[in-house]
Amino acid sequence: MSEPIFDRLALIGLGLIGSSIAHAARRGGLAREIVGYARSSETRETAARLGFLDRVADSAAEAATDADCVILCIPVGSIGAVTAQIADAMKPGAILTDVGSVKGSVIAQAAPHLPDSIQLIPAHPIAGTEQSGPEAGFAELFDGRWCILTPLPGNDADAVARLRAFWEGLGSDVASMDAAHHDRVLAVTSHVPHLIAYSIVGTASDLETVAESEVVKYSASGFRDFTRIAASDPTMWRDVFLHNKEATLEVLGRVTEDLFALQRAIRWGDGDALFERFTETRAIRRGIVEAGQDTDRPNFGREKPPRA
Ligand code: NAP
């Protein structure tokens, strides 16, 4: 095994993403020591029991002390407050990075608290599940998944290269882009689809003509797949929408227009318009499978469809 990339790695936030980084960093021998901290004593105790850290710290500042790299694995809305807690404890030259699903806001919240000697290099692994908490993590989460870095113009090239090597060591393919572009891309591929899932699952359960028990009992694959996405963590997703407001609203406007076009096609019996659109979308799905981003097995590779 090659030399560890970091002597001491600090993880602040020990939920799905934080615990998965710990498992995968251990698997790859990427840090000599992994220290972690989470807000509640319950999560810290669970992390200690599961044993994916070398040491559990009593505060965010204690975790960050002497770390070569600190990764904030917390909801986007908490980045500013936690950066303020750790900024003075971090050693000069250390990397401060994160895993948040929005990047422009992370930079705006964190940068004002940091001296020039700290390398702020935001990152976002495009990997996740609808589970949360320290017990949800696993070492393979990032394997073959993209991680997007959004380095800042003043970043030290060597620090960026080390962080890139770290994410590759966790199993990811790594891409780089600026934060504003990241936020637009993710609004299309992730944020608005989640919003639509939250909306449609809520609508179905509100419809008075369909009893709630029927929604559950007869849930066909379309609805069922939306419910998986709509079960994602409410705190995380609240923060995503509050912190990627412009891009989300822009994409949502386009989606709304397209929905009206489909509504019109249905109303006027325009089968050609529907067929054309569904043929285009089928090709997009094929592209995703060919790129290795999903399985082509029926029912997303589930063993068998759940029975009512
Ligand atoms: P999670 O499982 O809910 O874990 C969040 C962790 O952050 C918990 O350990 C929580 O501590 C801790 N935390 C929250 N506020 C804190 C604070 N002020 N100080 C210290 N710790 C704090 O969430 P997650 O899924 O790992 O998501 C974490 C980040 O990853 C989010 O920014 C999200 O946007 C990003 N992300 C998520 C996914 C996904 O699919 N889940 C994918 C890519 C990126 P307690 O347990 O004590 O409350």
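All values derive from a computational prediction rather than experimental measurement.

A.B. asks: Go over the overall build of the protein, please, and point to the residues and values.
C.D. replies: Across its full length, the protein carries 12 helices and nine strands. A compact globule built from 308 residues should have a C-alpha radius of gyration of about 19 Å, and the protein, at 21 Å, falls within 12% of that. Reported as C-alpha extents along the three principal axes, the dimensions of the protein are approximately 65 × 40 × 35 Å. Counting over 308 residues, the protein shows a buried share of 40%. Long-range contacts, defined as pairs at least 24 residues apart, comprise 74% of the intrachain contacts of the protein with a sequence gap of at least 6. Surface summary for the protein: the accessible area is close to 16600 Å², and the carbon and sulfur share equals 54%. Between the averaged position of the 30 positive side-chain charges in the protein and that of its 42 negative side-chain charges there is a distance of 5 Å.

A.B. asks: Which residues make up the site of the ligand, and what values go with them?
C.D. replies: Inspection of the region around the ligand gives 26 residues, with Arg39, Ser40, Thr43, Ile74 and Ser101 positioned closest. One nitrogen or oxygen atom from the side chain of Thr43 is found 2.5 Å from an oxygen atom belonging to the ligand. Within the backbone of Ile74, an N or O atom sits 2.6 Å from an oxygen atom of the ligand. For the ligand, whose free accessible area comes to 910 Å², the fraction covered by protein is 87%. For the shell around the ligand, the secondary structure elements donating two or more residues are α1 (16-28) and β7 (123-125). Residue composition of the shell around the ligand, grouped by class: 13 nonpolar, 12 polar and one charged.

Here is what the cut-offs are and how they apply
- Residues numbered from 1 in each chain as written.
- Predicted model: local features only at pLDDT ≥ 70, side-chain atom pairs only at ≥ 80, totals over all residues.
- Heavy atoms only, no water.
- Helix = DSSP H or I, 4+ residues; strand = E, 2+ residues; numbered from the N terminus.
- Rg over C-alpha atoms; globule rule 2.2 N^0.38 Å.
- Buried < 20%, exposed > 50% of the residue type's maximum accessible area, 1.4 Å probe, protein only.
- Contact = heavy atoms within 4.5 Å.
- Areas by Shrake-Rupley, 256 points an atom, 1.4 Å probe, with all protein chains shown as cover.
- Lys, Arg positive; Asp, Glu negative; His and termini not counted.
- Charge placed at Lys NZ, Arg CZ, Asp CG, Glu CD.
- Near = heavy atom within 4 Å.
- Polar contact = N/O pair within 3.5 Å; in protein donor to acceptor, adjacent residues only side chain to side chain.
- Nonpolar A, V, L, I, M, F, W, Y, C, P; charged D, E, K, R; others polar.

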